[in-house]
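Inside the fold
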Amino acid sequence: MTRTYWAAVTAVVLALLFAAGAVTVAVGNGNDDAASRMPAVESADAGFARDMSVHHQQAVEMSFIVRDRTKDEEVRRLAYDIANTQANQRGMMLGWLDLWELPKVSSDEPMSWMASSGSGGSAHGHGGHGTHETRDGSLMPGMATRTELAKLGKADGKQAEILYLQLMTDHHRGGVTMAQGCADRCEVDAERSLAQGMVDAQRSEIGLMADLLKARGAAPRP
């Protein structure tokens, strides 16, 4: 649990550093789309930035955990890439919320912004995501539960690798659904472009993780 705590602390520090950088860059560029447009607090742009920041935070945490639980270079390299990429993206989204002078937390149901109409029409995803039942700390589809995180923190070697790859595959599936929702609904060009990049990258990583699981005699969870 100590390792898990410090992994979470490190992830928060990274995100704050990236957020500060995102604000500095955006403010310095007067033509930046994300800086010049001011979404409403209930908009898809704001909702996605808030929810995906939470979603990314857990991916960063899980990646730090598994780097301490295995010596396998393939899995450690993947975990490093995911942690670095998603901490960076999280910082950008938090930076945009600062620029828009919008809260980083909301009392709305997570992913409620996906129920609104947009260029993509109806809500996407795991049976439609207007609502999602909180399950043992799992705030959004794809997110690991507290029990699963504790299990990952106690696993070692091949067991830790398989569990991480399965949990991260689920996490990416949920992330792709959310990112596609923003690609269809968000109005800020920079954010919509970021979301589409997440869709493409995470789908590619899902394929890579399937291969890594197969090499370990396992498979993604149904």
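First things first, this report covers the structure right here in the doc. This structure is a prediction, so every number in the text was calculated from the model and none was measured.

Some details on the side chain of glutamine 89
- Looking at the element boundaries, glutamine 89 is found in helix 4 (residues 73–99).
- Given the relative accessible area of 13%, glutamine 89 is considered buried.
- With residues up to four places along the chain from it excluded, the contact list for glutamine 89 reads His56, Leu194 and Met198.

A look at the packing of helix 3 (residues 44–69) against helix 5 (residues 146–154)
- Where helix 3 meets helix 5, the closest approach of the two axes is 8 Å, and the angle between their N-to-C directions is 25°. Classified by the angle between their axes, helix 3 and helix 5 sit roughly parallel to one another. Contact with helix 3, carried on its side by Gln58, Glu61, Met62, Ile65 and Arg69, involves Leu149, Leu152, Gly153 and Lys154 of helix 5 and no other residues of that element.
- Class assignment of the residues belonging to the contact of helix 3 with helix 5 gives a composition of four nonpolar, two polar and three charged.

Some remarks on the state of the cysteines
- Enumeration over the complete set of coordinates arrives at one disulfide.
- Between the sulfur of cysteine 182 and that of cysteine 186 lies a disulfide, 2.2 Å long from S to S. Its torsion about the S-S bond being -120°, the disulfide of cysteine 182 and cysteine 186 is classed as left-handed. Residues cysteine 182 and cysteine 186 agree in their burial class; the two are buried.

Structural notes on unusual backbone geometry
- Phi angles above zero are rare outside glycine, and glutamate 101 is one such case at about 55°.
- With respect to the helices and strands, glutamate 101 occurs in the loop between helix 4 and helix 5.
- Classification of glutamate 101 by relative accessible area gives exposed; the value is 69%.

Details of helix 3
- Taking 1.5 Å per residue as the helical rise, helix 3 with its 26 residues ought to reach 38 Å, and the 37 Å between its terminal C-alpha atoms agrees with that figure.
- The element helix 3 is extensively covered by neighbouring structure, given that 22 of its 26 residues are classed as buried.

Rules behind the numbers
Residues numbered from 1 in each chain as written. Predicted model: local features only at pLDDT ≥ 70, side-chain atom pairs only at ≥ 80, totals over all residues. Heavy atoms only, no water. Helix = DSSP H or I, 4+ residues; strand = E, 2+ residues; numbered from the N terminus. Buried < 20%, exposed > 50% of the residue type's maximum accessible area, 1.4 Å probe, protein only. Contact = heavy atoms within 4.5 Å. Axes fitted to C-alpha atoms, helices over the stretch in contact; angles between N-to-C directions. Parallel < 35°, antiparallel > 145°, perpendicular 65-115°, else oblique. Nonpolar A, V, L, I, M, F, W, Y, C, P; charged D, E, K, R; others polar. Disulfide = S-S within 2.5 Å. Expected span 1.5 Å × (residues − 1).

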